[in-house]
Amino acid sequence: MPTKSIPACELANVSGVKRFPEQTKSSSMGSSDVERKESYEDVSGEPGGLVSTISSSRSPLQPPDADDGEPFTTYFDSKIPIPEDDGHSCFSFRKLWAFTGPGFLMSIAYLDPGNIESDLQSGAVAGFKLLWVLLLATVIGLLLQRLAARLGVVTGLHLAEVCHRQYQKFPRIILWLMVELAIIGSDMQEVIGSAIAINLLSVGKIPLWGGVLITIADTFVFLFLDKYGLRKLEAFFGLLITIMALTFGYEYVTVKPSQKKLLQGLFVPYCGGCGTPQLEQAVGIVGAVIMPHNMYLHSALVKSRQVNRADKREVREANKYFFIESCIALFVSFIINIFVVTVFAEAFYNKSNANVSQVCANSSIPHSAVFPNTTDALEVDIYKGGVVLGCYFGPAALYIWAIGILAAGQSSTMTGTYSGQFVMEGFLNLRWSRFARVLLTRSIAITPTLFVAIFQDVEHLTGMNDFLNVLMSLQLPFALIPVLTFTSLPGVMHDFANGLFWKVAGGLLILLICCINMYFVVAYVMALRSLALYVGAAVLSLIYLAFVAYLGRLGFAARPELFLLGHVDSEPSVTR
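Read on for an overview of the structure. Bear in mind the structure is a predicted one, so any value in this text is a computation, not a measurement. (Residues numbered from 1 in each chain as written. Predicted model: local features only at pLDDT ≥ 70, side-chain atom pairs only at ≥ 80, totals over all residues. Heavy atoms only, no water.)

### Re the overall build of the chain
We count it as follows: A helix here means a DSSP run of H or I that spans at least four residues, while a strand means a run of E at least two residues long, and both kinds are numbered starting from the N terminus. When accessible area is computed with a 1.4 Å probe and restricted to protein chains, residues below 20% of their type maximum are described as buried, those above 50% as exposed, and intermediate ones as partly exposed. It only takes one pair of heavy atoms within 4.5 Å for two residues to be counted as in contact. Throughout, the Shrake-Rupley method with a 1.4 Å probe supplies accessible areas, and for residues the shown protein chains are the sole cover considered.
Each helix and strand in the chain was counted, giving 22 helices and six strands. The buried share of the chain, reckoned over its 576 residues, is 56%. Across the chain, the fraction of contacts at a sequence separation of at least 24, relative to all contacts at a separation of at least 6, is 83%. Carbon and sulfur atoms make up 65% of the accessible area of the chain, which totals about 23600 Å².

See below:
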């Protein structure tokens, strides 16, 4: 009987079963990849007849039946082909170029308005002293993104899809809600950042809520660019990253930070004279840089390349090139973050509101009245940061800053939408039309943002970024635990499973993040000075820690059905 090789994500490692192929369909984008549906019938004589593959519900990777209406599509259902080897070299620029794209889309989360605001506050509060924290957080983020990408490449499933198959319904729903909460928090920073940029560019004529509506509208337009080709969409994101590099680079060249202090801050892990504000800012950098939903996004983006997962050489090669691309992308994002931190460290560290108010009073900047004439330490956010740059370095610095923030907000809003799309599809196994899915995921994330924009003016958003960074830091274990768990299971990753180092380092990282989160919660609640809030926070903290512990234990108690994902390499073909 002839044999035929089929991909890993479409098989079930169930003993004693016969496989009956059903009708195959090509993807709705006309790609060459063919997706197959398989049903598995138990022939061992045991009662039950049919055996479930991975989950009782249909896999999102399977196409619907012909009478299901609109074909099921994802944003990345067209695949980028990988060129064949020209020789026997261990590196090919042509292959690197073919794999380039997902890492740069992922890196945009490291450049969102929340990160930019954390950068400028870090510079204004601690000068150059916390640059090493930014470097360390970026390196940790790179290693975690590597795990997420490897999961997507090896299994052919993204993180949310694996969670859907691995976890029972109750923890799966709670996990989805936590990740969705992180996406909403990130969206609030991104959309409001874009709205602030529009407000600055319009000299205050467009209010915050108007900027939010404009951002929502143009996001819907840009999200459908992939209809014209995935490479064009990736090129558009590359353009936005270039705009950020040029605009924030202009501010860097204009201010001329001290290179000696820059290098010392990067490579000397010390913060002399730092107190509670600097400590909170350091922890805030970690919360801003390492985004929980970004791991779900990256594990899905890598599925856009044609990789034969039955061939270990191809899988290993894909892992290598995706990691190289991620290193390049995060290096670019790190340089842009350095621009922002050092500009505010050089120009505004140890400045008071009175210092800035006097300078702004003599300038022609229309927003200059936002700084009170007090001796309090200068507090800046994205809005005030642009104003203070304009006061000190002229209107060009203000408007170029606003253009950079607009590029950051627009690009991260789009990737945030993709994150919400993949998370909702994976956890809930949705099979709706593209427009309906985009509309739902956007509405869930945008509605709270619109309310904030309507009831808050642009000058009173300073404290929100800190709160949202804390919120996303609290959600980090709900991405770290699944990705570390699944990439450590030999039954899932087979030869590509994590070694002892990754398991120990990952466990210590989760423990560290939980300790940081508890510190943040205690510090935040203590500042509110309410006994009822103390009690409520204590109860919620216990529930939070209990669920984190339960999630870790549940993940390693793997269901055998999931083990199929790693075993295809040992069984490259099956009898048809």
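### Section: the environment of lysine 256
Structurally, lysine 256 can be placed in the loop between α8 (230-255) and α9 (259-267). For lysine 256 and alanine 347, which are 91 residues apart along the polypeptide, the C-alpha to C-alpha distance reads 9.1 Å.

### Concerning helix α4 (residues 131-155)
Heads up, the rule is: Given a helix with a known number of residues, its expected span is that number minus one, times 1.5 Å.
Along its 25 residues, α4 runs 36 Å from first to last C-alpha, staying within 8% of the 36 Å computed at 1.5 Å per residue. Of all the 25 residues making up α4, 18 are buried; the element is thus mostly covered by neighbouring parts of the structure. Just past α4, the residue glycine 156 takes up positive phi, approximately 75°.

### Brief notes about a nonpolar patch on the surface
Using the following cut-off: Residues qualify for a patch when their relative accessible area is over 30% and they have no salt bridge, like charges being joined within 9 Å and the nonpolar side chains of Val, Leu, Ile, Met, Phe, Trp and Tyr within 5 Å. By definition here, a salt bridge exists when the distance from a side-chain nitrogen of Lys or Arg to a carboxyl oxygen of Asp or Glu is within 4 Å.
A contiguous nonpolar surface patch, about 570 Å² in accessible area, is contributed by Trp209, Leu213, Phe451, Ile454 and Phe455. Listing elements by their share of the nonpolar patch, those giving two or more residues are α7 (208-222) and α16 (434-455). The element best represented in the nonpolar patch is α16, accounting for three residues. Relative to the helices and strands, phenylalanine 451 resides in helix α16. On the basis of relative accessible area, phenylalanine 451 is assigned to the partly exposed category, the value being 48%.

### Considerations on unusual backbone geometry
Most peptide bonds are trans, and most residues other than glycine sit at a negative phi. Positive phi is not limited to glycine here, since lysine 256 has a value of about 55°. Positive phi is not limited to glycine here, since asparagine 350 has a value of about 65°. As for its position among the elements, asparagine 350 is in the loop between α12 (312-348) and α13 (353-361).

### Thoughts on the side chain of aspartate 119
Selection criterion: None of His or the chain ends enter the tally, which takes Lys and Arg as positive and Asp and Glu as negative.
For aspartate 119, the position within the fold is in helix α3 (residues 113-126). Of the side chains bearing the opposite charge, lysine 129 lies closest to the buried aspartate 119, which forms no salt bridge; the N-O distance is 17 Å. Residues contacting aspartate 119, with those up to four places away along its chain left out, are Leu134, Asn337, Val340 and Val341.

### Concerning the state of the cysteines
The following threshold applies: Throughout, a disulfide means two cysteine sulfur atoms within 2.5 Å of one another.
For the coordinates displayed, the defined rule picks out two disulfides. Between cysteine 271 and cysteine 274 runs a disulfide, and the two sulfur atoms are separated by 1.5 Å. Here the disulfide of cysteine 271 and cysteine 274 is left-handed, its torsion about the S-S bond being about -60°. Paired by a disulfide, cysteine 360 and cysteine 391 hold their sulfur atoms 2.1 Å apart. Judged by the torsion about the S-S bond (110°), the cysteine 360/cysteine 391 disulfide is right-handed. Linking cysteine 360 in helix α13 with cysteine 391 in helix α14 (residues 382-393), this pair joins segments that are 31 residues apart in sequence. Residues cysteine 360 and cysteine 391 agree in their burial class; the two are buried. Taken in N- to C-terminal order, the disulfide-linked cysteines of the chain are connected 1-2, 3-4.

### With respect to the packing of aromatic side chains
As a reminder, the rule being used: The aromatic pairing rule takes the rings of Phe, Tyr and Trp, using the six-membered ring of Trp, and pairs them if the centres are within 6.5 Å, calling planes under 30 degrees apart stacked, those over 60 edge-to-face and the rest tilted. A positively charged side chain is recorded as over a ring if its NZ (Lys) or CZ (Arg) lies within 6 Å of the ring centre. The angle to the ring normal must also be within 35 degrees.
The full count for this structure, using the stated rule, is 18 aromatic pairs. Ring geometry for tyrosine 252 versus phenylalanine 339: centroids 4.9 Å apart, planes at 40°, classification tilted. Taken together, the residues tyrosine 252 in helix α8 and phenylalanine 339 in helix α12 connect sequence positions 87 residues apart. Feature note: the residues Phe248, Phe344, Phe348, Tyr392, Phe393 and Trp401 constitute an aromatic cluster, connected by ring pairs. Taking the ring centre of phenylalanine 323 as reference, the NZ or CZ of arginine 146 above it sits at 6.0 Å. One residue, arginine 231, lies across the ring of tryptophan 97, its end atom 5.3 Å from the ring centre.

### Here's the deal with the pattern of salt bridges
Going through the model one piece at a time under the given rule, you end up with six salt bridges. The partner of arginine 305 in a salt bridge is glutamate 234, with the nearest N and O atoms 2.8 Å apart. Taken together, the positions of arginine 305 in the loop between α11 (292-301) and α12 and glutamate 234 in helix α8 put the pair 71 residues apart, joining distant regions of the chain. Taken individually, arginine 305 and glutamate 234 each receive the classification buried, so the pair is uniform in this respect. Note that aspartate 495 is salt-bridged to lysine 312, the shortest N-O span being 2.5 Å. Within this pair, whereas aspartate 495 is found in the loop between α19 (490-493) and α20 (500-526), its partner lysine 312 is found in helix α12, the two being separated by 183 residues in sequence. When its relative accessible area of 30% is taken as the criterion, lysine 312 is described as partly exposed.

### Details of the packing of α3 against helix α15 (residues 395-428)
Defined as follows: Between the N-to-C directions of two axes lies an angle of 0 to 180 degrees, each axis being a line fitted to C-alpha atoms and, for a helix, fitted only over the stretch in contact. For classification purposes, angles smaller than 35 degrees are called roughly parallel, those larger than 145 roughly antiparallel, those between 65 and 115 roughly perpendicular, and all remaining angles oblique. Charged means Asp, Glu, Lys or Arg here, nonpolar means Ala, Val, Leu, Ile, Met, Phe, Trp, Tyr, Cys or Pro, and polar covers whatever is left, Gly included.
The geometry of α3 relative to α15 is characterised by a closest axis approach of 9 Å and an angle of 135° between their N-to-C directions. As the angle between them shows, α3 and α15 are arranged oblique. Contacts between α3 and α15 involve Pro113, Ile116 and Leu120 from the first element and Trp401, Ile405, Ala408, Gly409 and Ser412 from the second. A class-by-class count of the residues in the contact of α3 with α15 yields six nonpolar, two polar and no charged.

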